[in-house]
Amino acid sequence: MKIAQVAPLYESVPPKLYGGTERIVSYLTEELVRQGHEVTLFASGDSETAADLRAICPRSLRLEGSKVIDPFAHHIRMLEMVAKEAEDFDIIHYHVDYLHFPLTRRLGVPAVTTLHGRLDIPDIHPLFREFAEMHLVSISDAQRLPVPWANWVSTVHHGLPEHLYHPHQRPGNYLAFLGRISPEKRVDRAIEIAIRADMPIKIAAKVDRADKEYFDEKIRKLLKHPLVEYIGEIGEKEKNEFLGRAHALLLPIDWPEPFGLVMIEAMACGTPVIAWKMGSVPEVLEDGTTGFIVSSIEEAAAAVDRASALDRQKCRQRFEQRFTASRMAKDYLDVYAKICGQEPEFTLLDKTVPVAA
């Protein structure tokens, strides 16, 4: 197939440091190329890919820092570049939320959108009703719950290249927290769990500009505890060592997590996960096998003691069975085939409305 992948421009594909969406776009793109498909990637110029790269801007927007005042200008230009080549593709796969909806409606080219973020935001619900014909893919069934009536084509769980990480068979002597420091990620809970369990915790996390005040006022003082080590933001190369040597990964989230890529990264390293029962967690984790699903600080602290009894090889096996990039690519190819082969109609308000072929 001739496939266009349209990525956000905030990070490179793959990201140099933190960046979940761009990382998944990279894994999917490279696996599709490996399987023999003709893939064009629309992304920042510092992206690295075996696909045909359409560089929209020289560097990822986050790395440009204060030089970038209006990131949407770059994304709108990218969508125009996609439109100019649209007829060359069998399907266009968007990963930029809903920015392209008006364009896609008018292009008449098969397209699909993977939504990577939270959908419990009332502002976007009228948008999905207006653009009810858009083919949508969720990254978990839980992600769909605020808008179950949207035009969902499939749920495709994320996947990682099978050999990206290797498992560590012996548990380490510290707990790990990996991701962003923000109110919904609850690193404060992670620190409290570690203190309750009397086990060191290493925190590898970025602080976005939007969360700097929260970090300074709420979190910075917590990092002074003798059990806490704040490492800062780490890249792909450091993750295997960081996650693989951890006793367990803590994911004490306080929001409806759409997927939680770090959970399967930990599983790929053989490391169990202790996570709050929210969002996608019950879909991704198998309680008592790949980790523990908890609802309180007390349950989480008790789970720390129990984590050493879990089979780290089984964690790795479950990753290989459920969360590889090859499985993800197969699922998306099934989605592409479904969209390209189905009748060009959609149902809106009990009326069948034709869509331009």
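Everything below is about the structure shown above.
Residues numbered from 1 in each chain as written. Predicted model: local features only at pLDDT ≥ 70, side-chain atom pairs only at ≥ 80, totals over all residues. Heavy atoms only, no water.

Participant: Is there a simple way to think about the overall build of the chain in this case?
Facilitator: Across its full length, the chain carries 14 helices and 15 strands. Referenced to the eigenvectors of the C-alpha coordinate spread, the extents of the chain come out at roughly 60 × 45 × 40 Å. Counting every position in the chain, which comprises 357 residues, the buried fraction comes to 54%. The long-range share in the chain, meaning contacts at least 24 apart out of those at least 6 apart in sequence, stands at 66%. For the chain, the exposed surface amounts to about 15800 Å²; the carbon and sulfur share of it is 51%. Averaged over its 43 positive side-chain charges, the chain has a centre that lies 3 Å from the centre of its 52 negative ones. (Helix = DSSP H or I, 4+ residues; strand = E, 2+ residues; numbered from the N terminus. Buried < 20%, exposed > 50% of the residue type's maximum accessible area, 1.4 Å probe, protein only. Contact = heavy atoms within 4.5 Å. Areas by Shrake-Rupley, 256 points an atom, 1.4 Å probe, with all protein chains shown as cover. Lys, Arg positive; Asp, Glu negative; His and termini not counted. Charge placed at Lys NZ, Arg CZ, Asp CG, Glu CD.)

Participant: Quick question: what am I supposed to make of the side chain of histidine 95 here?
Facilitator: You can see histidine 95 is positioned in the loop between β4 (91-94) and α4 (101-107). The class of histidine 95 is buried, set by a relative accessible area of 3%. A polar side-chain atom of histidine 95 sits 2.8 Å from a polar atom in the side chain of glutamine 5. Dropping the residues within four chain positions of it, histidine 95 is found in contact with Gln5, Val6, Pro8, Thr21, Val25, Leu28, Thr114 and His116. (Polar contact = N/O pair within 3.5 Å; in protein donor to acceptor, adjacent residues only side chain to side chain.)

Participant: Is there a simple way to explain helix α10 (residues 261-268) in this structure?
Facilitator: Helical periodicity: at 3.6 residues per turn, an α-helix aligns residues three or four positions apart in one direction. Extensive coverage of α10 is indicated by the burial of 8 of its 8 residues. All buried positions along α10 are accounted for by Leu261, Val262, Met263, Ile264, Glu265, Ala266, Met267 and Ala268.

Participant: Would you mind showing me how to read a nonpolar patch on the surface here?
Facilitator: Taken together, the side chains of Tyr10, Phe72 and Ile76 make up a nonpolar region of the molecular surface, amounting to roughly 300 Å² of accessible area. One can find isoleucine 76 in helix α3 (residues 71-85). (Patch = residues over 30% accessible without salt bridge, like charges linked within 9 Å, V, L, I, M, F, W, Y side chains within 5 Å. Salt bridge = Lys/Arg side-chain N within 4 Å of Asp/Glu carboxyl O.)

Participant: How should the sheet that holds strand β5 (residues 111-115) be read in this particular structure?
Facilitator: The strands making up a sheet associate through hydrogen bonds between their backbones, and the pairing can be parallel or antiparallel. Spatially, 7 strands are ordered β3-β2-β1-β4-β5-β6-β7 in an open sheet, and the strand pairing comes out parallel. A single partner strand is all that each edge strand has here, and the edge strands are β3 (52-55) and β7 (152-155). Looking at each pair of strands side by side, their axes are set apart by 20° on average, direction ignored. One ladder, built from 4 bridges, connects strand β1 (residues 2-6) with β4; its direction is parallel. Along β4, the bridge assignment pairs glutamine 5 with histidine 93. (Pairing = 2+ DSSP bridges. Axes fitted to C-alpha atoms, helices over the stretch in contact; angles between N-to-C directions.)

Participant: Which parts of the structure should I look at to understand the sheet that holds strand β11 (residues 248-251)?
Facilitator: Strand order in the open sheet made by the 6 strands is β10-β9-β8-β11-β12-β13, with parallel pairing throughout. Across the chains shown, the open sheet's two edge strands, defined by having one partner strand only, are β10 (228-230) and β13 (291-294). Each neighbouring strand pair of the sheet contributes to a mean axis angle of 20°, computed without reference to strand direction. In this structure, strand β8 (residues 175-180) lies alongside strand β9 (residues 201-206), joined through 6 bridges in parallel fashion. What sits directly across from glycine 179, in β9, is alanine 205.

Participant: For this particular structure, what's the right way to read unusual backbone geometry?
Facilitator: Where the residue is not glycine, phi is negative for most of them; where a peptide bond is considered, it is trans in most cases. Omega for the bond connecting valine 13 with proline 14 falls within 30 degrees of zero, at -5°, which places this linkage in the cis form. Summarising the element assignment, proline 14 is placed in the loop between β1 and α1 (20-34). With a phi angle near 60°, arginine 186 is a residue other than glycine that sits in the positive phi range. Locating arginine 186 in the fold gives a position in the loop between β8 and α7 (187-197). A positive phi is found at aspartate 198, a non-glycine position, where the angle reads about 55°. Mapping aspartate 198 onto the fold places it in the loop between α7 and β9. Residue aspartate 198 is classed as exposed on the basis of its relative accessible area of 61%.

Participant: I keep staring at the pairing of β1 and nothing clicks. Help me out?
Facilitator: When a strand is regular, its side chains alternate between the sheet's two faces. In terms of residue burial, β1 counts as a mostly covered element, since 4 of its 5 residues are buried. Alignment of β1 against strand β2 (residues 38-43), held across 5 bridges, turns out to be parallel. Paired with glutamine 5 across the strands is leucine 41, a residue of β2.

Participant: Quick question: what am I supposed to make of helix α8 (residues 212-219) here?
Facilitator: Turning to α8, its buried residues are Tyr214, Phe215 and Ile219. The buried residues of α8 occupy an angular sector of 100° when the element is viewed end-on, so they sit on one face. Where α8 is buried, its residues contact α7 and β10. (Arc of directions from axis to C-beta.)

Participant: So what exactly am I meant to see when it comes to the pattern of salt bridges here?
Facilitator: Close approach of charged atoms lets side chains of opposite charge pair. According to the stated counting rule, one finds 26 salt bridges in the structure shown. Between glutamate 133 and arginine 105 there is a salt bridge, and its shortest N-O distance comes to 2.7 Å. On the criterion of sequence distance, the pair formed by glutamate 133 in the loop between α5 (125-130) and β6 (136-138) and arginine 105 in helix α4 is long-range, its members being 28 residues apart. A residue is classified by how much of its surface remains accessible, and arginine 105, at 26% relative accessible area, is partly exposed. Bridged by salt links that share partners, the residues Arg186, Asp188, Arg189 and Asp254 form one connected network.

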